[in-house]
Amino acid sequence: SQTIHQWPATLVQPVGSPLSLECTVEGTSNPNLYWYRQAAGRGLQLLFYSVGIGQISSEVPQNLSASRPQDRQFILSSKKLLLSDSGFYLCAFDKLGQGIPYNSPLHFGNGTRLTVT
Amino acid sequence: ELKVEQNPLFLSMQEGKNYTIYCNYSTTSDRLYWYRQDPGKSLESLFVLLSNGAVKQEGRLMASLDTKARLSTLHITAAVHDLSATYFCGMDSNYQLIWGAGTKLIIKP
């Protein structure tokens, strides 16, 4: 079965420190991968998406970056965290556009709660 | 501009009552999603709606799609406390899901 793993589950980091959040998918190949951020009590903001290795599209200008070094691995990074980077980060995948039934949903990881102090 | 608007954003209701959450979107969409999020948790897929007139039901939840009106609804029948959560709708546009702000639903015993 297809699964998605994110870690860590929670993270407290000081302002100015680096960040690395990792997401891996199992049970499928060539997924579309997404990073979302959810501020407290708010909706979802798409940060990055990737349709293949090394292919990253950024949706929001910020001090975050994403990389996809392997087919099923998606990493969210920052060189220097800001207070405004606090939030709930969700990785997700789907198989849209790959011959999979069009009514297949987006699958989310369990999320990483980041607090920048 | 691609926009998805949900209303209400907050809803408190009694068990046993019926209610509807509305999701309006601004442009044609390939797919319309409904997700549920419990506090501090990730998002759980409820429904994916593809075509005009699509209706899907799961337990006490029923979702429908009117592509001409650019409107989807999530109807709750005879609500129970376990349905308390935040519900999000989202529409698909070129690999992006554009999300509504979410409807926080509290169901009181």
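The present account deals with the structure reproduced in this document. (Residues numbered from 1 in each chain as written. Chains lettered and ligands numbered in written order. Predicted model: local features only at pLDDT ≥ 70, side-chain atom pairs only at ≥ 80, totals over all residues. Heavy atoms only, no water.)

1. Describing the side chain of S78(A)
Heads up, the rule is: A run of H or I in DSSP counts as a helix once it spans at least four residues, and a run of E counts as a strand once it spans at least two, with each numbered from the N terminus. Under this definition, polar contacts are N or O atom pairs within 3.5 Å; protein pairs additionally need one hydrogen-donor-capable and one acceptor-capable atom, and for neighbouring residues in sequence, both atoms have to be side-chain atoms.
Along the chain, the position of S78(A) falls in strand β8 (residues 73-78). A distance of 3.2 Å separates a polar atom in the side chain of S78(A) from the backbone oxygen of N63(A).

2. Side note on the nonpolar core
Convention followed: Residues belong to one nonpolar core when they are buried, are Ala, Val, Leu, Ile, Met, Phe, Trp, Tyr or Cys, and are joined through side-chain atoms within 4.5 Å. Relative accessibility under 20% of the residue-type maximum defines a buried residue, over 50% an exposed one, and the middle range a partly exposed one, all with a 1.4 Å probe and only protein chains included.
With 25 residues, the main nonpolar core has L32(B), W34(B), L74(B) and Y87(B) as its most contacted residues. Among the elements of the structure, β2 (10-14), β3 (19-25), β4 (32-37), β5 (43-49), β7 (61-66), β8 (71-76), β9 (85-93) and β11 (103-108) of chain B are those that each provide at least two residues to this core. Top element by residues in this core is β9(B). It accounts for 4 residues. Grouped together as the second largest cluster of nonpolar side chains are 20 residues, V25(A), L76(A), F93(A) and L114(A) included.

3. Side note on the interface of chain B and chain A
Here is the rule: What makes two residues a contact is simply this: any of their non-hydrogen atoms within 4.5 Å. Put simply, buried area is how much 1.4 Å-probe accessible surface two parts lose in total, over both of them, once they are put together. Just to be clear on terms, a salt bridge is a Lys or Arg side-chain nitrogen sitting within 4 Å of an Asp or Glu carboxyl oxygen.
Across the contact, 22 residues belong to chain B and 24 residues belong to chain A. Here chain B packs against chain A, burying approximately 1,800 Å² in sum over the two surfaces, 57% of which is carbon and sulfur. Summed over the shared surface of chain B and chain A, the result is 1 salt bridge. The salt bridge partner of R31(B) is D94(A), with a shortest N-O separation of 3.9 Å. One can count 4 residue pairs in polar contact (both at pLDDT 80 or more) joining chain B with chain A.

4. Some details on the pattern of salt bridges
Side chains bearing opposite charge may pair, as long as their charged atoms lie close to each other. For the coordinates displayed, the defined rule picks out 5 salt bridges over all chains. Residue R37(A) is joined to D85(A) by a salt bridge in which the shortest nitrogen-to-oxygen separation is 3.6 Å. One end of the pair, R37(A), is in strand β4 (residues 32-38); the other, D85(A), is in the loop between β8 and β9 (87-94), with 48 residues separating them in the sequence. The exposure class assigned to R37(A) is buried, which follows from its relative accessible area of 13%. Note that D38(B) is salt-bridged to R36(B), the shortest N-O span being 2.9 Å. Residue classification places R36(B) among the buried residues on the basis of a relative accessible area of 14%.

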